Amino acid sequence: MKINLPRPERNDPCLCRSGRKYKKCCLERVQKSTETIRRAAGAPAAARFPRLVELLGLACGIQGGPPEMVPDPEKAGRAVAAFYQNMAGAPDEAALDKYLEELGQRLGPLLRQNSLLKFLRFPLSRLEEHFAERGEPGGRDEEALLEEAERGLFTPEFASDAAIVLANAFCLGEGSAADLEALAGVLALLVEEGDVDFIGRLVLAVTLEELKAFDEELAKINAGKKDDTAIAELCEHYPAIERELSRRYVQEIRPVLDKIASGEIPVRIPFYAVVNGFLALDQVARPAVSAAAAGKVERLAEALIGVAESFFTPGSPLEEAIFVKDYYFFAREAIKSLQSWLAKNEDSSLRAGVERLLGGFWDPRFSAGRLLLTSLYKLAMRTFIEAGTLRIPGPEGELAIDLLKIEPEKLMAYARCLEKEGLGEAAEHVRKALGPAGAKNGGEFQISAEEACRRSKEELENGAASGN
């Protein structure tokens, strides 16, 4: 089987997603990494495995991971050399087969433990489709099943994806020298020989094993033998299964999210539930504000919406605002708003979809929960940005807070207004968002994501029980 590998041209967008052309971004690093791997592997190994050296050079040279995970092309080259020497040094085919079997035994634990290889699995949908046509694997001849799987699951697309994941895992250098040699070996078989069976059978075995273990643990949780936190722990242990379940859930609720975005299903969020997002936006959007002041931007609101849309990235202040700082208040208010809609729309055709959304993943530890919360949070921010002003009662009449350029003094006035309305917890949340000087309790007010999830779930269940 021919394996298609990424080969960016000089003028293509760089694979690191910097937005720059490849020639002006990572090309030089890729060239240096490739040469280092070639030299460390030695001329015979480099000549025997040219596509492997090229792929590893690309994986090592493309930047984009955290600084502590910078690939080591020298180590990569040594692992290629070790595989070549053991393969070339095998006295006969039986010895070679035994060596490859040992590589497979090393790779099995890596598929379960390596931070990247944990995601190298066959999708549940493909397995279900395959076994629906051919029957479940239990009780059938295993060799026959694998031969059928080779035709149905071991596709060129799987092979290309596997090559990229294996190369990235290899270049990150997790594990011992023997582990890296095993990765080099399976990559060589894949990209040089087109042998998909070797890695495909290992991945299929691990996928089926994990599915069985996941179903057994989930049955225990549903039977009440474990607490709710066990679900998050279970999904963390089997990230590929969690990702697939989250993908299905998002597909199911997508029509409802579209109706929320269009306003057909209103989700009303108070400003205090997104206050940290606006304070974070205020920091990163100052160039847009300056451009508007200089007349370079026609509408400041549009510029800020653009900044907000592009700034929801892993580790960013806006991401922290959603999943940590504002999480409890935002999730609570979104749930209350959706429950209110359900109470007023008993006959709506959208009711089942809204109920599915409410009963799904609100925990940010799930990828579906993160996507759901991000979508709703973006929508709430957009609504406030387009309004531009938040009006609250003041001591001398109405007080207007400019949300496109927030003044701390006015946020303090907003907190006092919330307190007068009996929303003391929300008032303290706003003060805390302003820093230790703003918080009445010296900045000690804090709710963890786990506690926020627990509270939101309790309120959802209580609301359902009372019919509110």
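Residues numbered from 1 in each chain as written. Predicted model: local features only at pLDDT ≥ 70, side-chain atom pairs only at ≥ 80, totals over all residues. Heavy atoms only, no water.

**Concerning the overall build of the protein**
We count it as follows: Runs of H or I in DSSP of at least four residues are treated as helices and runs of E of at least two as strands, each being numbered from the N terminus. Working definition: with a 1.4 Å probe on protein chains only, accessible area under 20% of the residue-type maximum means buried, over 50% means exposed, and in between means partly exposed. The contact definition used throughout considers only heavy atoms, calling two residues in contact when any of these lie within 4.5 Å. A 1.4 Å probe and the Shrake-Rupley method give the accessible areas. Residues count as covered only by the protein chains that appear here.
When you go through the protein residue by residue, the secondary structure sums to 22 helices and 2 strands. Looking at the 468 residues of the protein, the share that counts as buried comes to 45%. Look at the contacts in the protein between residues 6 or more apart in sequence, and 68% of them connect residues 24 or more apart. For the protein, the exposed area adds up to about 23800 Å²; of that, 50% sits on carbon and sulfur atoms.

**Some words on the packing of aromatic side chains**
As a reminder of what qualifies: Between rings of Phe, Tyr and Trp, where Trp is taken as its six-membered ring, a pair exists when centres lie within 6.5 Å; planes separated by under 30 degrees are stacked, by over 60 edge-to-face, and by other angles tilted.
This structure, assessed with the given rule, holds 14 aromatic pairs. On the basis of an interplanar angle of 10° and a centroid distance of 5.8 Å, the ring pair of phenylalanine 122 and phenylalanine 154 is categorised as stacked. With a gap of 32 residues between them, phenylalanine 122 in the loop between helix 5 (93–113) and helix 6 (124–134) and phenylalanine 154 in the loop between helix 7 (142–152) and helix 8 (156–172) connect regions that are remote in the sequence. For phenylalanine 154, a relative accessible area of 2% corresponds to the buried category. Their ring planes at 55° and their centres at 5.3 Å tell us that phenylalanine 271 and phenylalanine 278 sit as a pair that is tilted. Each member of the pair, phenylalanine 271 together with phenylalanine 278, is buried.

**With respect to the confidence of the model for the protein**
Heads up, the rule is: In predicted models, pLDDT denotes the confidence assigned by the predictor to each residue on a 0 to 100 scale.
On average, residues of the protein score 80 in pLDDT, and 77% of them are at 70 or above. Mean pLDDT across the elements of the protein ranges from a minimum in helix 22 (residues 449–466), with 50, to a maximum in helix 2 (residues 43–48), with 95. Predicted confidence is poor over residues 441–450, with pLDDT under 50, and the contacts of this stretch with residues over four places away or in other chains come to 17 contacts.

**Quick look at the packing of helix 5 against helix 10 (residues 197–222)**
Short version of the rule: To obtain each axis, a line is fitted to C-alpha atoms, and for helices this fit is confined to the stretch in contact; angles are then taken between N-to-C directions over 0 to 180 degrees. Working rule for angles: under 35 degrees goes down as roughly parallel, over 145 as roughly antiparallel, 65 to 115 as roughly perpendicular, anything else as oblique. Here a crossing is called left-handed whenever its near helix is offset anticlockwise from the far helix by less than a right angle, and right-handed whenever the offset is clockwise. Any residue that is not Ala, Val, Leu, Ile, Met, Phe, Trp, Tyr, Cys, Pro, Asp, Glu, Lys or Arg is counted as polar, Gly included; the first ten are nonpolar and the last four charged.
Where helix 5 contacts helix 10, the two axes come as close as 10 Å, and the packing angle between them is 40°. Between helix 5 and helix 10, the angle is such that the two are oblique. The hand of the helix 5/helix 10 crossing is right-handed. Within the contact between the two elements, helix 5 uses Leu100, Leu103, Gly104, Leu107, Leu111 and Arg112 and helix 10 uses Phe198, Ile199, Leu202, Val203, Val206, Glu209 and Glu210. Among the residues making up the contact of helix 5 with helix 10, the classes are represented as 9 nonpolar, 1 polar and 3 charged.

**Here's the deal with the pattern of salt bridges**
Quick note on the threshold: Any carboxyl oxygen of Asp or Glu that lies within 4 Å of a side-chain nitrogen of Lys or Arg is treated as forming a salt bridge with it.
Counted according to the given criterion, the structure contains 19 salt bridges. One salt bridge in this structure joins arginine 7 and glutamate 54, with 2.7 Å as the shortest N-O distance. Of the two residues, arginine 7 sits in the segment before helix 1 (27–41) while glutamate 54 sits in helix 3 (residues 50–61), which places them 47 residues apart along the sequence. Classification of arginine 7 by relative accessible area gives partly exposed; the value is 44%. Among the residues examined, glutamate 54 registers a relative accessible area of 33% and is labelled partly exposed. In this structure, arginine 38 engages glutamate 35 in a salt bridge whose closest nitrogen and oxygen atoms are separated by 3.3 Å. Of this pair, arginine 38 and glutamate 35 both sit in helix 1, 3 residues apart, roughly one helical turn. A residue is classified by how much of its surface remains accessible, and arginine 38, at 37% relative accessible area, is partly exposed.

**Considering the packing of helix 17 (residues 327–344) against helix 19 (residues 367–387)**
Geometry of a packed helix pair, given as the angle between the helix axes and the separation of the axes. At their nearest, the axes of helix 17 and helix 19 sit 11 Å apart, and the two run at 85° to each other. Here helix 19 runs roughly perpendicular to helix 17, going by the angle between their axes. Residues Tyr327, Phe330, Ala331 and Ala334 of helix 17 lie in contact with helix 19, whose contacting residues are Leu373, Leu376, Tyr377 and Ala380. By residue class, the composition of the contact of helix 17 with helix 19 is 8 nonpolar, no polar and no charged.

**Things to note about helix 11 (residues 229–237)**
Inspection of helix 11 places Ala230, Ala232, Leu234 and Cys235 among the buried residues, and these make up the whole buried set. Where helix 11 is buried, its residues contact helix 10 and helix 12 (239–262).

**Comments concerning helix 9 (residues 177–193)**
Applicable threshold: In a helix, the anticipated span is given by 1.5 Å times the number of residues less one.
Counted at 1.5 Å a residue, the expected span for helix 9 with its 17 residues is 24 Å, and the 23 Å between its end C-alpha atoms agrees. Where burial is concerned, most of helix 9 is hidden: 13 out of the 17 residues are buried. Looking one or two places after helix 9, you find glycine 194, whose phi comes out positive at around 70°.

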